[in-house]
There are 2 protein chains.
Amino acid sequence: MLSEFDLIKQYFDHTQINDARIALGIGDDCALINPTAGMQLAISTDMLVSGRHFFPDADAFMLGHKSLAVNLSDLAAMGARPLAFTLALSLPEANPTWLAAFSRGLFSLAKQHDCHLIGGDTTKGPLNICITIFGEVPFGMALRRDAAKVGEDIWISGSLGDARLALGAYRYELHLSESMLTSAAQRLHQPTPRIDLGIALRGIASAALDISDGLSGDLGHILERSQVGAKICLDDLPVGVILRSQDLARRREFSLFGGDDYELCFTAPKEKREAVIAAGLACQTHVTRVGEIVEQPELQLLDALGQNLTFDDTSFDHFRSS
Amino acid sequence: MLSEFDLIKQYFDHTQINDARIALGIGDDCALINPTAGMQLAISTDMLVSGRHFFPDADAFMLGHKSLAVNLSDLAAMGARPLAFTLALSLPEANPTWLAAFSRGLFSLAKQHDCHLIGGDTTKGPLNICITIFGEVPFGMALRRDAAKVGEDIWISGSLGDARLALGAYRYELHLSESMLTSAAQRLHQPTPRIDLGIALRGIASAALDISDGLSGDLGHILERSQVGAKICLDDLPVGVILRSQDLARRREFSLFGGDDYELCFTAPKEKREAVIAAGLACQTHVTRVGEIVEQPELQLLDALGQNLTFDDTSFDHFRSS
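Residues numbered from 1 in each chain as written. Chains lettered and ligands numbered in written order. Predicted model: local features only at pLDDT ≥ 70, side-chain atom pairs only at ≥ 80, totals over all residues. Heavy atoms only, no water.

## Topic: the sheet that holds strand β12 (residues 299-302) of chain B
All names here are of chain B.
For step 1, the next point in the chain: Taking strand neighbours across the sheet as the criterion, the 7 strands line up as β8-β10-β7-β11-β9-β12-β13 in an open arrangement whose pairing is mixed. Bordering the open sheet on either side are β8 (208-211) and β13 (308-309), each of which pairs with just one other strand.
For step 2, the next point in the chain: Relative to β13, β12 runs antiparallel, the two being bridged by 2 bridges. Residue pairing for β13: L301 is matched across the bridge by L309.
For step 3, the next point in the chain: The sheet strands contacting helix α7 (residues 215-226) are β7 (153-157), β8, β9 (229-233), β10 (263-268), β11 (287-294) and β12, and the helix crosses β8 at an angle near 160°. (Pairing = 2+ DSSP bridges. Helix = DSSP H or I, 4+ residues; strand = E, 2+ residues; numbered from the N terminus. Contact = heavy atoms within 4.5 Å. Axes fitted to C-alpha atoms, helices over the stretch in contact; angles between N-to-C directions.)

## A closer look at the packing of aromatic side chains
Residue and element names in this part refer to chain B.
For step 1, the next point in the chain: All chains considered together, the criterion is met by 11 aromatic pairs over all chains.
For step 2, the next point in the chain: Taking 6.4 Å as the distance between ring centres and 40° as the angle between the ring planes, the aromatic pair formed by F12 and F107 counts as tilted. With F12 in the loop between α1 (4-10) and β1 (22-24) and F107 in helix α3 (residues 96-112), the pair connects residues that are 95 residues apart, well separated along the chain. Each of the two residues, F12 as well as F107, counts as buried.
For step 3, the next point in the chain: Arranged with centres 5.6 Å apart and planes meeting at 75°, the rings of F55 and Y170 form a pair that is edge-to-face. You can see F55 sitting in the loop between β3 (39-49) and α2 (60-78) and its partner Y170 sitting in helix α4 (residues 162-170), a full 115 residues away along the chain. (Phe/Tyr/Trp six-rings, centres within 6.5 Å; stacked < 30°, edge-to-face > 60°. Buried < 20%, exposed > 50% of the residue type's maximum accessible area, 1.4 Å probe, protein only.)

## Here we look at the sheet that holds strand β11 (residues 287-294) of chain A
All names here are of chain A.
For step 1, the next point in the chain: The strand order across the open sheet formed by 7 strands is β8-β10-β7-β11-β9-β12-β13, and the pairing between neighbours is mixed. Every interior strand has two partners, whereas the edge strands, β8 (208-211) and β13 (308-309), have only one.
For step 2, the next point in the chain: Note that strand β9 (residues 229-233) and β11 share 4 bridges and pair antiparallel. By the bridge assignment for β11, A230 is matched with I293.

## A closer look at the relation of the copies chain B and chain A
The relation between the two copies of this chain is a rotation about an axis and a shift parallel to it.
For step 1, the next point in the chain: After a rotation of 180° and a shift along the axis of 0.0 Å, chain B superposes on chain A with an RMSD of 0.0 Å. The transformation just described matches what one would write down for a two-fold rotation axis.
For step 2, the next point in the chain: When you check the interface residues of chain B against chain A, 98% turn up at the interface there too, and the contact is symmetric in its surfaces. (Least-squares fit on C-alpha atoms with pLDDT ≥ 70 in both.)

## Some remarks on helix α5 (residues 178-189) of chain B
Residues and elements named next belong to chain B.
For step 1, the next point in the chain: Between its first and last C-alpha atoms α5 spans 16 Å; for 12 residues at 1.5 Å apiece the expected length is 16 Å, and the two agree.
For step 2, the next point in the chain: Within α5, burial applies to A184, A185, R187, L188 and H189.
For step 3, the next point in the chain: For α5, the secondary structure elements touched by its buried residues are α2, α4 and β10. (Expected span 1.5 Å × (residues − 1).)

## Concerning the domain arrangement of chain A
Residue and element names in this part refer to chain A.
For step 1, the next point in the chain: On domain assignment, one finds that chain A holds domain 1 (4-138) and domain 2 (153-307).
For step 2, the next point in the chain: Look at where the C-alpha atoms of domain 1 and domain 2 centre, and you get two points 26 Å apart.
For step 3, the next point in the chain: Across the contact, 21 residues belong to domain 1 and 18 residues belong to domain 2.
For step 4, the next point in the chain: Here domain 1 packs against domain 2, burying approximately 1,700 Å² in sum over the two surfaces, 65% of which is carbon and sulfur.
For step 5, the next point in the chain: Across the contact surface, domain 1 and domain 2 share 1 salt bridge.
For step 6, the next point in the chain: Ionic pairing is found between K66 and D260, a salt bridge with its closest N-O pair at 3.3 Å.
For step 7, the next point in the chain: Linking domain 1 with domain 2 are 6 residue pairs in polar contact (both at pLDDT 80 or more), by the criterion used here.
For step 8, the next point in the chain: Elements that contribute at least two residues to the side of domain 1 that touches domain 2 include exactly α2 (60-78), β4 (81-91) and β6 (128-138).
For step 9, the next point in the chain: Residue contributions to the side of domain 1 that touches domain 2 peak at 12 residues, all from α2. (Domains from an automatic or database assignment. Buried area = accessible area lost by both parts, 1.4 Å probe. Salt bridge = Lys/Arg side-chain N within 4 Å of Asp/Glu carboxyl O. Polar contact = N/O pair within 3.5 Å; in protein donor to acceptor, adjacent residues only side chain to side chain.)

## A few points about unusual backbone geometry
For step 1, the next point in the chain: Not every positive phi belongs to a glycine, and Q227 of chain A is a case in point at roughly 55°.
For step 2, the next point in the chain: The residue Q227 of chain A is located in the loop between α7 (215-226) and β9 in this model.
For step 3, the next point in the chain: The class of Q227 of chain A is exposed, set by a relative accessible area of 70%.
For step 4, the next point in the chain: A positive phi angle is found at Y172 of chain B, which is not glycine, with a value near 60°.
For step 5, the next point in the chain: A relative accessible area of 78% means that Y172 of chain B is categorised as exposed.

## Comments concerning the side chain of S44 of chain B
For step 1, the next point in the chain: Looking at where S44 of chain B falls in the secondary structure, it is placed in strand β3.
For step 2, the next point in the chain: Exposure remark for S44 of chain B: the relative accessible area of 5% places this residue in the buried category.
For step 3, the next point in the chain: Among the polar contacts made by the side chain of S44 of chain B, one reaches the main-chain carbonyl oxygen of D29 of chain A at a distance of 3.1 Å.
For step 4, the next point in the chain: Within the structure, S44 of chain B has its side chain in polar contact with the side chain of D74 of chain B (distance 3.1 Å).
For step 5, the next point in the chain: The residues touching S44 of chain B, leaving out its near neighbours within four places in the chain, are D29 and C30 of chain A together with N71, D74, I131, T132 and I133 of chain B.

## Structural notes on the interface of chain B and chain A
For step 1, the next point in the chain: Listed as interface residues are 58 residues of chain B and, on the opposing side, 57 residues of chain A.
For step 2, the next point in the chain: Its largest share of buried area at the contact with chain A, chain B owes to D29, I43 and M47 of chain B, together 16% of the area lost on that side.
For step 3, the next point in the chain: Summed over the shared surface of chain B and chain A, the result is 4 salt bridges.
For step 4, the next point in the chain: Residue D28 of chain B pairs with R145 of chain A through a salt bridge whose shortest N-O separation is 3.7 Å.
For step 5, the next point in the chain: Top contributing element to the side of chain B that touches chain A by residue count: β3 of chain B, with 10 residues.

## Considering the packing of helix α4 (residues 162-170) of chain A against helix α5 (residues 178-189) of chain A
All names here are of chain A.
For step 1, the next point in the chain: Across the interface, α4 lies against α5 with an axial gap of 7 Å and an inter-helix angle of 115°. It follows from the interaxial angle that α4 and α5 lie roughly perpendicular. The crossing of α4 and α5 is left-handed. Between α4, through D162, A163, A166, L167, A169 and Y170, and α5, the contact on the second element is made entirely by L181, A184, A185, R187, L188 and H189.
For step 2, the next point in the chain: A class-by-class count of the residues in the contact of α4 with α5 yields 9 nonpolar, 1 polar and 2 charged. (Parallel < 35°, antiparallel > 145°, perpendicular 65-115°, else oblique. Left-handed = near helix turned anticlockwise from the far one by under 90°. Nonpolar A, V, L, I, M, F, W, Y, C, P; charged D, E, K, R; others polar.)

Structure below.
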């Protein structure tokens, strides 16, 4: 006789893994991975909590997608290729409709990236989704936060701010037409991890990370770890298709501070400009040069005319105090 | 300026890692591991939820210990040597006293096993602790659940039932003197992962797992995965030092069904008996032979005289229906 929570496992343990690197998947005390010679293993973990990272009534399919996407995005930011993940799930109840939709959202993205579920844990409790993800990157080729050098270009993949715009509409901070909200919400609920671009940037980009909390704060991590500063032209930031219809102040604010877009921010030597553009084209991912790494350890913001801008936002405290 | 949750990170990101296999620890999008040639990576994840896996007022030091111990125990059950772990933590508030005690409990056990914290996530939410652990085991030497063979002995490390006895006292199902409860509670709150024994049993034991939910259910996993049955002499089970003072019915029930002891249950060929005992001696861990693997796919229980026993317990449904 199966318990309620054994039944849950059936939603997640239904796929046969055909990958010689996965020696043992779900069903034992541990999973077993056969690492590939010459590769480093990249590991990241993210915990998503109801009411904090997603609305309590979030669509289960999109939540399954997003839970894995934010982890895949961490692999993308290292230039790692996805291999496998574990899923720990705390659920208030075993609702078959919810579970079926969540696992469909999860596995459709997992399959797209050949990323295998190799283990997990299921328990009763407040809704909490914890994924730990594993990827491979050739020895010494990972795109680290501490590798930005003075004089390098700063690049952004895709576009910024539409996820923040959708959040603003949900919070009644602003109004969007139904079709605009649908489009912006797609960016919030179903971010596209830039796996192919991360891999294509190996040997081209120096430092990289994914933008989850907003460009200003996240770029700050690169600056801090690399002990450098940056000059960004605010009006060069690639603005999301819906955000483009908004006024200048909001375009600037949301593209600089808006989180949840999961685009890559990376640096590369000036002589690699053509290689960066070629990498973007090869992955059908737009890349935009938005500024450069400078010695002075702060984030300088310029407008289209090269004039200095300042923002009154707590995310800037770190830079203010430096 | 650091946020409340940046401060939390300070409790966990204070140790320098001196291990060539950890190429990159906390602070980037991913950690990076350099796998050892010829080794498989063993991976396990466990999620502990307040009110389900521990009392809401649980001592933070012991909780830090237990959170890692249950994961280490999964490595022990595979014969893997600990390498590293990630910690995802959801907390209702950033309480420095709690955090200091929790991290002390966690790191004291981690240090004992050279197991490095390489990454994590911290968020605000209902108390939830999710650890994913990584260990190494020589290629093909892992102790898997599906490897038990007919005719093999069944062994148990240490002793069973004292953790269940403490739980019974906390639930007012039974009474223990204060000194007895202190001793039994030690087993419940601070289980000892049998890492050394798991490693010593490589090449000796066939199948293994750790007993977290009770011997009858957990041994059932070995039987199911190995497609065999087992004959256990109930009165041969190694009974916890406090449980020994209880009557026969309780001794039998708690040693067979009591969870949370985190002892190893493993099988080994009869000709390896001396090697098993030597492995136990080398690790200063008592090992007890309690039965044998048989063809008939069920769990038979015998008393000291070899008479069949039956129990009316839901944990047996699986066997009843087979």
